[in-house]
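The primary structure of each chain is shown beneath.
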Amino acid sequence: QVQLVESGGGLVETGDSLRLSCVASGLTLSRNNMGWFRQAPGKAREFVAAIKWRGGIYYANSVKGRFTISKDNAKNTVYLQMNSLRPEDTAVYYCAADTQDNYYFTSAGVDCWGQGTQVTVSS
């Protein structure tokens, strides 16, 4: 059974940094595509970043240059380093796995979600 467990969320101020972690069990990061989505109150879930096992890292334009996705295959853990945080980054952040190796990393292609971790950025 695949399970994703996020941690690292919290309440920070504008300009601060946070690092989210996602520990995966039941799947191997070296052979699966992983990513992060987020959902703010009253808004649809949106793509944040993805890292594909064949190579390739992708970011939403809104976070490009501020967020960095990485992984440690030995620890089976995916990270999202978030710098220069803004109030509009406030959301629940979800770790996601696409085990079908879809070309695009979209919510429709995700077949396993974490429980989410809250990130709140105060102004």
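Computed from a predicted structure; not experimentally measured.

Here's the deal with the state of the cysteines
Moving on, step 1. This structure, assessed with the given rule, holds one disulfide.
Moving on, step 2. Across a sulfur-sulfur distance of 2.1 Å, C22 and C95 are joined as a disulfide pair. Disulfide C22-C95: torsion about the S-S bond near -80 degrees, hence left-handed. Note that C22 is positioned in strand β3 (residues 18–25) and C95 in strand β9 (residues 91–98), a separation of 73 residues in sequence. Grouping residues by exposure puts C22 and C95 together as buried.
Moving on, step 3. Between C112, a free cysteine, and C95, which holds the nearest cysteine sulfur, the sulfur-to-sulfur gap is 8.0 Å.

Here we look at the pairing of strand β5 (residues 46–51)
Moving on, step 1. Two elements, strand β4 (residues 33–39) and β5, share five bridges in a ladder whose sense is antiparallel. Directly across from F37, in β5, lies its bridge partner F47.
Moving on, step 2. In sequence, β4 turns back onto β5 through a hairpin of six residues, with G42 there showing a positive phi of about 75 degrees.
Moving on, step 3. Adjacent in sequence and paired antiparallel, β5 and strand β6 (residues 57–59) are bridged by five residues, among which G55 carries a positive phi angle near 115 degrees.

Conventions and cut-offs
Residues numbered from 1 in each chain as written. Predicted model: local features only at pLDDT ≥ 70, side-chain atom pairs only at ≥ 80, totals over all residues. Heavy atoms only, no water. Disulfide = S-S within 2.5 Å. Helix = DSSP H or I, 4+ residues; strand = E, 2+ residues; numbered from the N terminus. Buried < 20%, exposed > 50% of the residue type's maximum accessible area, 1.4 Å probe, protein only. Pairing = 2+ DSSP bridges.

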